[in-house]
Amino acid sequence: MSIKIFAAALIASALASPALALSCMPHGVVDSYKQAEAATASYVVVHGRLVFDEAPLPKVDMNNQAATPPSTRIPALISGKSLSKQGFERRFQAPITLDIQCAGPWCAGAKSGIDYLAFLEVQADGSYALSLNPCGGNGFGEPSQDQLDRVTTCYAGGACEADQMQIDKAAPEKLPE
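Model, not experiment: these values are computed from the prediction. (Residues numbered from 1 in each chain as written. Predicted model: local features only at pLDDT ≥ 70, side-chain atom pairs only at ≥ 80, totals over all residues. Heavy atoms only, no water.)

Participant: How would you sum up the overall build of the protein chain? Please name residues and give values.
Facilitator: A tally of regular secondary structure across the protein chain gives 3 helices and 8 strands. When each of the 177 residues of the protein chain is scored for burial, the buried share is 32%. Accessible surface computed for the protein chain: about 11,500 Å², of which carbon and sulfur atoms make up 55%. (Helix = DSSP H or I, 4+ residues; strand = E, 2+ residues; numbered from the N terminus. Buried < 20%, exposed > 50% of the residue type's maximum accessible area, 1.4 Å probe, protein only. Areas by Shrake-Rupley, 256 points an atom, 1.4 Å probe, with all protein chains shown as cover.)

If you want it as structure tokens, here you go:
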């Protein structure tokens, strides 16, 4: 078989495969704050280091996607400060449950040993859970000072505008003809 025929067959087979994509709405810290504020459940907002064993994080078998669990619960510890009207100033350390959610072949990611801005849901038994999904969820790894300031402003009753995607209003590039 010639290389040209092999390449053409390979391209044709790739084009015949279904193209799958996950579509997510833009989601930022103010969106999470507003969702937590409107929820019937109680939340604690914490900025701290999240530590957990990464081994149980779900790994998708692309040949058997149905075997991927929709939710994987992992014990974790978060140490840092919880939010008050003056900012992140109250010491906070607690074991939590990290709920890593998947949607088909897409799973949330999480990294142990880094700082998170976490919106922790208070469970009925008084424990805490952090839910992360493929589109983001309630945790933001390595948050910027701006993200922390925006959440503090919301909590203190200041301007709390939904996150906006930054759109470059410059003239579009001319496509080659």
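Participant: Explain the side chain of serine 112 to me, and be specific about the residues and the numbers.
Facilitator: The topology assignment puts serine 112 in the loop between β4 (106-107) and β5 (114-122). With relative accessibility at 18%, the residue serine 112 sits in the buried group. Within polar-contact distance, the side chain of serine 112 engages the backbone nitrogen of phenylalanine 52 at 2.9 Å. With residues up to four places along the chain from it excluded, the contact list for serine 112 reads Leu50, Val51, Phe52 and Glu54. (Polar contact = N/O pair within 3.5 Å; in protein donor to acceptor, adjacent residues only side chain to side chain. Contact = heavy atoms within 4.5 Å.)

Participant: Let's hear about the packing of helix α2 (residues 29-38) against helix α3 (residues 145-155): which residues, and what values?
Facilitator: Where α2 meets α3, the closest approach of the two axes is 9 Å, and the angle between their N-to-C directions is 30°. With respect to each other, α2 and α3 are oriented roughly parallel. Like other packed secondary-structure pairs, α2 and α3 cross with a definite hand, here right-handed. The residues of α3 that touch α2, namely those facing Val29, Val30 and Tyr33, are Gln147, Arg150, Val151, Cys154 and Tyr155. Taken together, the residues that form the contact of α2 with α3 break down as 6 nonpolar, 1 polar and 1 charged. (Axes fitted to C-alpha atoms, helices over the stretch in contact; angles between N-to-C directions. Parallel < 35°, antiparallel > 145°, perpendicular 65-115°, else oblique. Left-handed = near helix turned anticlockwise from the far one by under 90°. Nonpolar A, V, L, I, M, F, W, Y, C, P; charged D, E, K, R; others polar.)

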